[in-house]
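So the chains spell out like this:
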Amino acid sequence: DQQVKQNSPSLSVQEGRISILNCDYTNSMFDYFLWYKKYPAEGPTFLISISSIKDKNEDGRFTVFLNKSAKHLSLHIVPSQPGDSAVYFCAATGANSGYALNFGKGTSLLVTP
Amino acid sequence: DAGVIQSPRHEVTEMGQEVTLRCKPISGHNSLFWYRQTMMRGLELLIYFNNNVPIDDSGMPEDRFSAKMPNASFSTLKIQPSEPRDSAVYFCASRPGQGAGGYTFGSGTRLTVV
């Protein structure tokens, strides 16, 4: 059963605009959330994370928001750049699972010039 | 550091054959993970090891799948016999401790079973 869900398989955004990628989770024991970026023929690479004690974490153009009551998180990319075009995976984890990562199916982001 | 090294990068095999995927984690990393990526299921955890000991293999789909970690620098994922539905990209990842951060993924092995 998928405990982490990314309901949008794809997203297209114009360069310079904001990209918003969404993620929902079902397991209330998750207490740490991460976003990974993946280019074709490469492994996922870490982008940004957030602990459940926070509701926002920012790193340059990337911001992750966490709404624990809704079991929802989102990744905002501002401004979007063509090099951001990739598949973005949301992951969630917690101590009770040994901090093994549970991934969503990914959202393919295309940033057009 | 060369990162997590997986071999082969691509594998094409016939149904019924044995397939062995290999992974060399980053030196000093204590945990190793095997993931499988498919269109239908995304990235799913198959098994992970802490200090060479298998901790959770509940994601291994069937008895046809087995994984070993004989030492801290090497792990294998074996499929015997292979089936077309095993076609996927298999990723190995390692992390330095037992917390949530520091994961590094390999480039993956694309397996095609015909």
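Everything that follows concerns the structure shown earlier in this document.
Residues numbered from 1 in each chain as written. Chains lettered and ligands numbered in written order. Predicted model: local features only at pLDDT ≥ 70, side-chain atom pairs only at ≥ 80, totals over all residues. Heavy atoms only, no water.

1. Notes on a nonpolar patch on the surface
So, step 1. Together, Ile18, Ile20 and Val78 of chain A make up a nonpolar patch on the protein surface, roughly 230 Å² of accessible area in all.
So, step 2. What makes Ile20 of chain A partly exposed here is its relative accessible area of 38%. (Patch = residues over 30% accessible without salt bridge, like charges linked within 9 Å, V, L, I, M, F, W, Y side chains within 5 Å. Areas by Shrake-Rupley, 256 points an atom, 1.4 Å probe, with all protein chains shown as cover. Salt bridge = Lys/Arg side-chain N within 4 Å of Asp/Glu carboxyl O. Buried < 20%, exposed > 50% of the residue type's maximum accessible area, 1.4 Å probe, protein only.)

2. Looking at the pattern of salt bridges
Side chains that differ in charge, positive against negative, can pair when their charged atoms come close.
All names here are of chain B.
So, step 1. This model, assessed by the stated rule, comprises nine salt bridges over all chains.
So, step 2. Residue Glu18 pairs with Lys78 through a salt bridge whose shortest N-O separation is 3.8 Å. In this pair, Glu18 sits in the loop between β2 (10-13) and β3 (19-24) while Lys78 sits in strand β8 (residues 74-79), placing the two residues 60 residues apart along the sequence.
So, step 3. A relative accessible area of 44% means that Glu18 is categorised as partly exposed.
So, step 4. Three or more residues are tied together by salt bridges with common partners; here these are Glu62, Arg64, Glu83, Arg85 and Asp86. (Helix = DSSP H or I, 4+ residues; strand = E, 2+ residues; numbered from the N terminus.)

3. Some words on the state of the cysteines
Residues and elements named next belong to chain A.
So, step 1. Applying the stated criterion across every chain, the model contains two disulfides over all chains.
So, step 2. The residue that forms a disulfide with Cys23 is Cys90, at a sulfur-sulfur distance of 2.0 Å. Taking the torsion about the sulfur-sulfur bond, which here is approximately -75°, the covalent link between Cys23 and Cys90 counts as left-handed. Residue Cys23 is located in strand β3 (residues 19-25), and its partner Cys90 is located in strand β9 (residues 86-93); the two are separated by 67 residues in the primary sequence. (Disulfide = S-S within 2.5 Å.)

4. Re the sheet that holds strand β7 (residues 65-71) of chain B
Residues and elements named next belong to chain B.
So, step 1. In space, the four strands of this open sheet follow the order β1-β3-β8-β7, with antiparallel pairing throughout. Of all the strands in the sheet, the pair left with one neighbour each is β1 (5-7) and β7. Strand-to-strand twist across the sheet, computed as the mean angle between neighbouring axes with direction ignored, equals 15°.
So, step 2. Across five bridges, the pairing between β3 and β8 is antiparallel. (Pairing = 2+ DSSP bridges. Axes fitted to C-alpha atoms, helices over the stretch in contact; angles between N-to-C directions.)

All we've got here are geometric facts, nothing functional implied.
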